[in-house]
Each structure stands twice: as structure tokens, then as C-alpha cells.
Amino acid sequence: MTAQPEHPGVSQFSPPMRTLAELREALSTWGFPGDRQEFEKELDAIELDDLTGVREIAQAYRHRVLMRYDSGAMAALARPADDVEAELRRKLAEAAR
């Protein structure tokens with residue numbers, strides 16, 4: 001994992017999430033609503049021997065907990081769809097030049 005740049009005003013909060021039990025606790029306490037239930041559904045849907053799948057699911061949900069406490073990520077999630085669409089159209093127009 002690469003070091004992430006520090007941003008002023010961004011929380012460096014990170015609950016322990018080194019084991020599945022700790023990740024479950026973090027999702028229950030700090031995750032987005034419904035994350036813990038979706039995490040369990042995804043884990044139930046794959047074979048326990050699929051270590052790559054288990055790892056990918058755990059990493060995705062760990063990232064969701066971390067994202068919840070990143071003010072930049074939350075601001076991006078809160079952007080209206082029209083604003084995002086306008087930005088994408090502007091960038092595509094600039095790239096086409």
C-alpha cells in the first residue's frame with residue numbers, strides 16, 4: 001500500500017480493521033448504513049476457499065469505512081449528478097481539442 005498524502009482538515013481516523021471480526025465491528029459502528037448487512041451477504045455468496053474473493057470484499061468494505069471519514073470523499077459523494085455530468089462534458093470537450 002502506498003502512503004497517502006496528508007490533507008489539512010481531513011480526519012486521519014481509522015478504526016482497527018486487521019481481522020474480519022474487527023472489520024465487522026467497524027462496519028457496524030463506523031460504516032455507511034447497511035454496509036454490515038451487505039458485507040455479510042457478499043461473504044455468504046462466495047466459497048470460503050476463495051481467498052482472493054474474501055480479500056477483495058474485505059478491502060472494499062475497509063475502504064468504505066475509511067472513505068466515510070475522508071471529507072474530500074464525502075464531498076465528492078454529495079455532489080449533484082448534474083454537476084458531475086457538466087464537469088465530465090467539459091473535460092471531454094477539452095480532451096477533444
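Presented here is an overview of the structure given in this document. (Residues numbered from 1 in each chain as written. Predicted model: local features only at pLDDT ≥ 70, side-chain atom pairs only at ≥ 80, totals over all residues. Heavy atoms only, no water.)

1. Section: the overall build of the protein
Scanning the protein from terminus to terminus reveals 5 helices and 0 strands. Helices (α) and strands (β) of the protein occur, in sequence order from the N terminus, as α-α-α-α-α. Scored against the burial criterion, the 97 residues of the protein give a buried share of 21%. Within the protein, residue pairs in contact and separated by at least 24 positions form 48% of the contacts whose partners lie at least 6 positions apart. As displayed, the protein has an accessible area near 7,500 Å², and 55% of this comes from carbon and sulfur atoms. (Helix = DSSP H or I, 4+ residues; strand = E, 2+ residues; numbered from the N terminus. Buried < 20%, exposed > 50% of the residue type's maximum accessible area, 1.4 Å probe, protein only. Contact = heavy atoms within 4.5 Å. Areas by Shrake-Rupley, 256 points an atom, 1.4 Å probe, with all protein chains shown as cover.)

2. Considerations on the packing of helix α2 (residues 35-44) against helix α3 (residues 51-68)
Packed helices, taken two at a time, are described by their axes: the angle between them and the distance between them. Between α2 and α3, the shortest axis-to-axis distance is 10 Å and the interhelical angle comes to 170 degrees. Relative to α3, the element α2 is oriented roughly antiparallel. Of the residues in α3, those in contact with Asp-35, Glu-38, Phe-39, Glu-42 and Leu-43 of α2 are Val-54, Ile-57, Ala-58, Tyr-61 and Arg-64. Its residues placed into classes, the contact of α2 with α3 shows 6 nonpolar, no polar and 4 charged. (Axes fitted to C-alpha atoms, helices over the stretch in contact; angles between N-to-C directions. Parallel < 35°, antiparallel > 145°, perpendicular 65-115°, else oblique. Nonpolar A, V, L, I, M, F, W, Y, C, P; charged D, E, K, R; others polar.)

3. Focus on the packing of aromatic side chains
All chains considered together, the criterion is met by 1 aromatic pair. Arranged with centres 5.4 Å apart and planes meeting at 70 degrees, the rings of Phe-39 and Tyr-61 form a pair that is edge-to-face. With Phe-39 in helix α2 and Tyr-61 in helix α3, this residue pair connects regions lying 22 residues apart in the sequence. In terms of burial, Phe-39 and Tyr-61 fall into one category: buried. One Lys or Arg, Arg-68, reaches over the ring of Phe-32 and ends 5.0 Å from the middle of that ring. (Phe/Tyr/Trp six-rings, centres within 6.5 Å; stacked < 30°, edge-to-face > 60°. Lys NZ or Arg CZ within 6 Å of the ring centre and 35° of its normal.)

4. Here's the deal with a negative patch on the surface
A cluster of acidic residues, Glu-47, Asp-49, Asp-50 and Glu-56, forms a negative patch at the surface. Along the chain, Asp-50 turns up in the loop between α2 and α3. Owing to a relative accessible area of 33%, Asp-50 belongs among the partly exposed residues under this scheme. (Patch = residues over 30% accessible without salt bridge, like charges linked within 9 Å, V, L, I, M, F, W, Y side chains within 5 Å. Salt bridge = Lys/Arg side-chain N within 4 Å of Asp/Glu carboxyl O. Lys, Arg positive; Asp, Glu negative; His and termini not counted. Charge placed at Lys NZ, Arg CZ, Asp CG, Glu CD.)

5. As for α2
The set of residues buried in α2 consists of Asp-35, Phe-39, Glu-40 and Leu-43. Viewed end-on, α2 has its buried residues packed into an arc of 135 degrees, placing them on one side of the element. In this structure, α2 carries Lys-41 and Asp-44 as exposed residues pointing more than 90 degrees from its buried face. (Arc of directions from axis to C-beta.)

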